[in-house]
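Secondary and tertiary structure notes
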Amino acid sequence: MAGISIRHVYKIYPDDVTAVTDCNLEIADKEFVVLVGPSGCGKSTTLRMIAGLEEISKGELYIGDRLVNDVPPKDRDIAMVFQSYALYPHMTVYKNMAFALDLRKTPKDEIDVRVRGAAKVLDIEHLLERKPKALSGGQRQRVALGRAMVRNPAVFLLDEPLSNLDAKLRASMRTELIKLHKQLGTTFVYVTHDQTEAMTMGDRIVVMSGGVVQQVDTPQKLYEAPCNTFVASFIGSPQMNFLSAVLHSDNNGYYLEINNNRLYIPAEKIDKDEKIKAYVGRRVKLGIRPEDIYDDEAFVKANAASSVGVTVDVSEMMGAEVYLYLKYGESLLTARVAPTTSSKAGAEIKVAVDMNRIHLFDADNEEAILN
């Protein structure tokens, strides 16, 4: 088993396009780390550099204690599972899973033990004599995982392995992968653009944008304490609301002025170092997650000081909750409220913000001031 250490790694293509900039990442042995970000953010390129499929332009990459910059992929003790499954159509499931071991001249009886053992774990024993064309997408994905498992690699690399599956199957395969990771006790590095996948699967998440690592943290910390507006907006669905505000202070404490409303920040919310002091009189970005906006009459009444008047633009019933799309002055807000809500499209209502849950960001560099 092995951890991964990525130190000041760059990927620069011949036309001077930099795909990954100064990537530093420590992945512990047996950890499940997810690289997440929009298309073109450098996450797959980073994974391919770990695999040895992309050359590192600058920096050092260690798997375990070994520098692997110049080590070919086959000698890195890694196994990669691709989005496309990449199964051999003319071979049975058994032969697909055994193929890499055959190339290594592994004894036949050992191959049989490994293939059948992996098939049992993945519940595909009954499919071993079938060919890929006779399998569903989920079954093919299990075969691709099994082919990687039989090699007993130190590191599993998974590049968007569930993106070809339908939503229901994707959800069940997420659960299967989490179980598989616990069972194998191996380092997993997983790439996805789907933040739900990232939040539900990773021990830690690496959020990337524009080839740069923005934040590395546990799912909960990323959600509760994003380091900038990009992370705040990318993690969470529906995404965080942002409003332009001016920060002031008076005898009652700090407050935000928005659309002629004064929203006071609870004293216990302010950092002990009072970093916020430097922003008094300045424009800031207020971040509010949709679930921290309430239209419940009792909550609005109890939090009159942080309530504002809005117009309901659209009401979307989602089953267990309702999404309200609201107009607040020139701004648009999304609120996630209980399905018992009486708020309808076109209604003018009052909503209250849970001021203990707000986030503040620098209006210029968009870095977090207060979480």
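Placed above this text is the structure.
To start, this report covers the structure provided alongside it. Since the structure is predicted, the reported quantities are computational estimates derived from the model, not experimental observations.

A word on the overall build of the protein. Scanning the protein from terminus to terminus reveals nine helices and 21 strands. Per-residue burial over the protein gives 48% buried out of 371 residues. Within the protein, counting contacts between residues at least 6 apart in sequence, those at least 24 apart form 65% of the total. Carbon and sulfur atoms provide 48% of the accessible area of the protein, an area that totals close to 17,900 Å².

On to the pattern of salt bridges, then. Summed over all chains, the structure comprises 14 salt bridges. For Lys11, the salt bridge is made with Glu54, and the minimal N-O distance between the two is 3.6 Å. In this pair, Lys11 sits in strand E1 (residues 4-12) while Glu54 sits in the loop between helix H1 (43-51) and strand E4 (58-63), placing the two residues 43 residues apart along the sequence. According to the relative accessible area criterion, Glu54 is buried, its value standing at 17%. Residue Arg48 pairs with Glu54 through a salt bridge whose shortest N-O separation is 3.7 Å. Judged by relative accessible area, which is 29%, Arg48 ranks as partly exposed. Residues participating in the shared-partner salt-bridge network are Lys11, Arg48 and Glu54.

To continue, consider the packing of aromatic side chains. Scanning the entire structure with this criterion turns up eight aromatic pairs. Both rings, one in Tyr255 and one in Tyr264, keep their centres 5.1 Å apart while their planes meet at 45°; by these two values the pair is tilted. Residue classification places Tyr255 among the buried positions, given a relative accessible area of 7%. Joined through ring pairs, the aromatic side chains of Phe32, Phe156, Phe188 and Tyr190 make up one cluster. In this structure, Lys58 is placed above the aromatic ring of Tyr10, and the distance from its NZ or CZ to the ring centre is 4.4 Å.

Moving on: helix H2 (residues 93-103). Inspection of H2 places Val93, Tyr94, Asn96, Met97, Ala98, Ala100 and Leu101 among the buried residues, and these make up the whole buried set. Residues of H2 that are buried make contact with helix H3 (108-122) and helix H4 (137-149). One or two residues past the end of H2 sits Lys105, with phi positive at roughly 60°.

Turning our attention to the environment of Ala86. In this structure, Ala86 sits in the loop between strand E6 (78-81) and H2. Placed 58 residues apart in sequence, Ala86 and Ala144 show a C-alpha to C-alpha distance of 7.5 Å.

On to the pairing of strand E20 (residues 359-362). Covered by surrounding structure in E20 are His359 and Phe361 together with Leu360 and Asp362, the residues of both alternating faces. Summarising the sheet, strand E14 (residues 283-288) and E20 pair through four bridges and their orientation is antiparallel. Bridge pairing links Gly287 to His359 in E20. Counting the residues that bridge the hairpin from E20 to strand E21 (residues 368-370) gives five residues, and of these Glu366 lies at a positive phi of roughly 65°.

Attention shifts here to the packing of H4 against helix H5 (residues 167-184). Put simply, H4 and H5 touch, their axes get as near as 11 Å, and they point 15° apart. As summarised for this structure, H4 and H5 are arranged roughly parallel, according to the angle between their axes. Every pair of crossing elements has a handedness; the one defined by H4 and H5 is right-handed. Contacts from Gly138, Gln141, Arg142, Leu145 and Met149 in H4 reach Leu169, Met173, Glu176, Leu177, Leu180 and Leu184 in H5. Considered class by class, the residues forming the contact of H4 with H5 number seven nonpolar, two polar and two charged.

With that settled, consider the nonpolar core. Ranked by size, the top nonpolar core spans 45 residues in total, and within it Met97, Val115, Leu145, Leu158, Leu177 and Tyr190 carry the most contacts. The residues contacting Leu145, other than those within four sequence positions of it, are Val81, Leu122, Phe156, Leu158, Met173, Leu177 and Leu180. Ranked by size, the runner-up nonpolar core spans 33 residues in total, among them Ala245, Leu263, Tyr328 and Ala335.

Bringing the packing of H2 against H3 into the picture now. Their axes nearest at 10 Å, the elements H2 and H3 cross at an angle of 135°. Relative to H3, H2 is oriented oblique. The two elements H2 and H3 meet at a crossing, and its hand is right-handed. Contacts between H2 and H3 involve Tyr94, Met97, Ala98, Leu101 and Asp102 from the former and Lys108, Ile111, Asp112, Arg114, Val115, Arg116, Ala118 and Ala119 from the latter. Among the residues making up the contact of H2 with H3, the classes are represented as eight nonpolar, no polar and five charged.

Rules of the game
Residues numbered from 1 in each chain as written. Predicted model: local features only at pLDDT ≥ 70, side-chain atom pairs only at ≥ 80, totals over all residues. Heavy atoms only, no water. Helix = DSSP H or I, 4+ residues; strand = E, 2+ residues; numbered from the N terminus. Buried < 20%, exposed > 50% of the residue type's maximum accessible area, 1.4 Å probe, protein only. Contact = heavy atoms within 4.5 Å. Areas by Shrake-Rupley, 256 points an atom, 1.4 Å probe, with all protein chains shown as cover. Salt bridge = Lys/Arg side-chain N within 4 Å of Asp/Glu carboxyl O. Phe/Tyr/Trp six-rings, centres within 6.5 Å; stacked < 30°, edge-to-face > 60°. Lys NZ or Arg CZ within 6 Å of the ring centre and 35° of its normal. Pairing = 2+ DSSP bridges. Axes fitted to C-alpha atoms, helices over the stretch in contact; angles between N-to-C directions. Parallel < 35°, antiparallel > 145°, perpendicular 65-115°, else oblique. Left-handed = near helix turned anticlockwise from the far one by under 90°. Nonpolar A, V, L, I, M, F, W, Y, C, P; charged D, E, K, R; others polar. Core = buried A, V, L, I, M, F, W, Y, C linked by side-chain atoms within 4.5 Å.

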